[in-house]
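An overview of the molecular structure
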Amino acid sequence: MTARVIEVGETTAGIAVPEHGGVRFYSSERSFDALDGTLFRSFEQATRAARERSRPGARSLRQQAPRLAAV
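Residues numbered from 1 in each chain as written. Predicted model: local features only at pLDDT ≥ 70, side-chain atom pairs only at ≥ 80, totals over all residues. Heavy atoms only, no water.

This brings us to the side chain of Ser27. Turning to its location among the elements, Ser27 is positioned in strand 3 (residues 22-27). Engagement of the side chain of Ser27 in a polar contact is seen with the side chain of Asp33, the distance being 2.6 Å. With residues up to four places along the chain from it excluded, the contact list for Ser27 reads Ala13, Gly14, Phe32, Asp33 and Asp36. (Helix = DSSP H or I, 4+ residues; strand = E, 2+ residues; numbered from the N terminus. Polar contact = N/O pair within 3.5 Å; in protein donor to acceptor, adjacent residues only side chain to side chain. Contact = heavy atoms within 4.5 Å.)

Here it is, written out as structure tokens:
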């Protein structure tokens, strides 16, 4: 198996690289950074996750994480 480019619409979301146990996603676009380094069971699962991230209203991990107060 070889690495595959994952595109969502006209945007290159990243690449999926096969490794033991699945494929590892490496983002190439900031809006997909939350998926960077994630191990998926298949190329199809990685592609679905990237499509979900690109949907309007999808929250980034930064938006979900609590903010730390400045001291």
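Among the surface-exposed residues, Val5, Ile15 and Tyr26 lie close enough to one another that they form a single nonpolar patch of about 260 Å² accessible area. The topology assignment puts Ile15 in strand 2 (residues 11-19). (Patch = residues over 30% accessible without salt bridge, like charges linked within 9 Å, V, L, I, M, F, W, Y side chains within 5 Å. Areas by Shrake-Rupley, 256 points an atom, 1.4 Å probe, with all protein chains shown as cover. Salt bridge = Lys/Arg side-chain N within 4 Å of Asp/Glu carboxyl O.)

Attention shifts here to the pairing of strand 3. Across 6 bridges, the pairing between strand 2 and strand 3 is antiparallel. Paired with Glu19 across the strands is Gly22, a residue of strand 3. Where strand 2 folds back on strand 3, the antiparallel hairpin that results is connected by 2 residues, among which Gly21 adopts a positive phi of roughly 95 degrees. In the sheet, strand 3 pairs with strand 4 (residues 39-40) via 2 bridges, with the strands oriented antiparallel. In the strand pairing of strand 4, Arg24 is matched with Leu39. (Pairing = 2+ DSSP bridges.)

Turning our eyes to something else, we now look at the nonpolar core. Residues Ile6, Ala13, Phe25, Phe40 and Ala50 are the most contacted members of the largest nonpolar core, which totals 13 residues. In contact with Ile6, other than residues within four places in its own chain, are Thr11, Thr12, Ala13, Gly14, Ile15, Ala16, Phe25, Ala46, Thr47 and Ala50. (Core = buried A, V, L, I, M, F, W, Y, C linked by side-chain atoms within 4.5 Å. Buried < 20%, exposed > 50% of the residue type's maximum accessible area, 1.4 Å probe, protein only.)

What follows is about the pattern of salt bridges. Considering all chains together, one arrives at 2 salt bridges under this definition. A salt bridge links Glu19 to Arg24; the shortest N-O distance between them is 2.7 Å.

Below, the discussion takes up helix 1 (residues 43-54). At 3.6 residues per turn, the α-helix brings residues three or four places apart onto the same side. Taking 1.5 Å per residue as the helical rise, helix 1 with its 12 residues ought to reach 16 Å, and the 17 Å between its terminal C-alpha atoms agrees with that figure. Taken together, the buried positions of helix 1 are occupied by Phe43, Ala46, Thr47, Ala49, Ala50 and Arg53. Projection of helix 1 onto a plane perpendicular to its axis shows the buried side chains occupying an angular sector of 160 degrees, all on one side. (Expected span 1.5 Å × (residues − 1). Arc of directions from axis to C-beta.)

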